[in-house]
Amino acid sequence: MRRVHTSLLERGDCTPGELADLLDGLRREVQALPFNLPDADTLPREEYRDLRARIARAWPEPGFYDPATGRALGHCDLPAEIGDALDDLTDLALDLGTALALADTGGADALAWLRFSHDIHWGDHVKDVTPHLRWLG
């Protein structure tokens, strides 16, 4: 989880295709966790706008894409649905950041949050954005 979060925020030498592999691996690991509800009073929050700007600096190439194919969209392409890779990655980073903050205070709440947030939120973002990241290479 920490490696994925660091790759989202700092990138390093990670390619979009490698990020897609990391996301798929994390998703598979989290799906194997038991489902429990985290204590909502302990959940830290980070500002979406600031985090999105940080991810955009680290990952300039992902943009809007067609969720059906993963292909990037040009200005004239208008499919029925439009994916926003920066939104997908930012939402994932927010949820992973929450899990990491909870891990510092108690592992059970961190794992519960990770599984819960996967099932209701970031799992769909990973499923949607990974074909686009693989398309980018």
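Structural data are supplied above this passage.
This one's a predicted model, so the numbers in the text were calculated from it and none came from an experiment. (Residues numbered from 1 in each chain as written. Predicted model: local features only at pLDDT ≥ 70, side-chain atom pairs only at ≥ 80, totals over all residues. Heavy atoms only, no water.)

Structural notes on the overall build of the protein
Here is step 1: When you go through the protein residue by residue, the secondary structure sums to 5 helices and 2 strands.
Here is step 2: Beginning at the N terminus, the succession of helices and strands in the protein can be written as α-α-α-β-β-α-α.
Here is step 3: Taken over 137 residues, the protein has a buried fraction of 46%.
Here is step 4: Accessible area for the protein stands at about 7400 Å²; split by element, carbon and sulfur atoms hold 51% of it. (Helix = DSSP H or I, 4+ residues; strand = E, 2+ residues; numbered from the N terminus. Buried < 20%, exposed > 50% of the residue type's maximum accessible area, 1.4 Å probe, protein only. Areas by Shrake-Rupley, 256 points an atom, 1.4 Å probe, with all protein chains shown as cover.)

Things to note about the nonpolar core
Here is step 1: Among the nonpolar cores identified, the biggest contains 33 residues, and Leu8, Leu19, Leu23 and Ile55 are the most heavily contacted of them.
Here is step 2: Secondary structure elements with two or more residues in this core: helix H1 (2–10), helix H2 (16–31), helix H3 (48–58), helix H4 (85–103) and helix H5 (107–136).
Here is step 3: No other element matches H4, which puts 9 residues into this core. (Core = buried A, V, L, I, M, F, W, Y, C linked by side-chain atoms within 4.5 Å.)

Here's the deal with the packing of H4 against H5
Here is step 1: Between H4 and H5, the shortest axis-to-axis distance is 9 Å and the interhelical angle comes to 165°. Between H4 and H5, the angle falls in the class roughly antiparallel. Crossing hand, H4 versus H5: left-handed.
Here is step 2: Of the residues that constitute the contact of H4 with H5, the class distribution is 13 nonpolar, 6 polar and 6 charged. (Axes fitted to C-alpha atoms, helices over the stretch in contact; angles between N-to-C directions. Parallel < 35°, antiparallel > 145°, perpendicular 65-115°, else oblique. Left-handed = near helix turned anticlockwise from the far one by under 90°. Nonpolar A, V, L, I, M, F, W, Y, C, P; charged D, E, K, R; others polar.)

Some points on H2
Here is step 1: The end-to-end C-alpha separation of H2 is 22 Å, in line with the 22 Å expected for 16 residues at 1.5 Å each.
Here is step 2: For H2, the full list of buried residues reads Pro16, Gly17, Leu19, Ala20, Leu22, Leu23, Asp24, Gly25, Leu26, Arg27 and Val30.
Here is step 3: Buried residues belonging to H2 abut H1, H4 and H5. (Expected span 1.5 Å × (residues − 1). Contact = heavy atoms within 4.5 Å.)

Thoughts on unusual backbone geometry
Here is step 1: In this structure, Arg11 is a non-glycine residue whose phi angle is positive, near 60°.
Here is step 2: With respect to the helices, strands and loops of the structure, Arg11 is situated in the loop between H1 and H2.
Here is step 3: Residue class for Arg11 comes out buried when judged on its relative accessible area of 18%.

As for the side chain of His125
Here is step 1: Inspection of the secondary structure assignment puts His125 in helix H5.
Here is step 2: Polar contacts involving the side chain of His125 include one to the side chain of His121, which spans 3.3 Å.
Here is step 3: Ignoring sequence-local partners within four residues, the contact set of His125 consists of Asp87, Asp88 and Asp91. (Polar contact = N/O pair within 3.5 Å; in protein donor to acceptor, adjacent residues only side chain to side chain.)

Considering the environment of Arg57
Here is step 1: Here Arg57 is to be found in helix H3.
Here is step 2: Using a relative accessible area of 62% as the deciding quantity, one classes Arg57 as exposed.
Here is step 3: A sequence separation of 46 residues divides Arg57 from Arg11, and the C-alpha atoms of the two residues are 9.5 Å apart.

Limitation: the analysis is restricted to geometry and does not speak to function.
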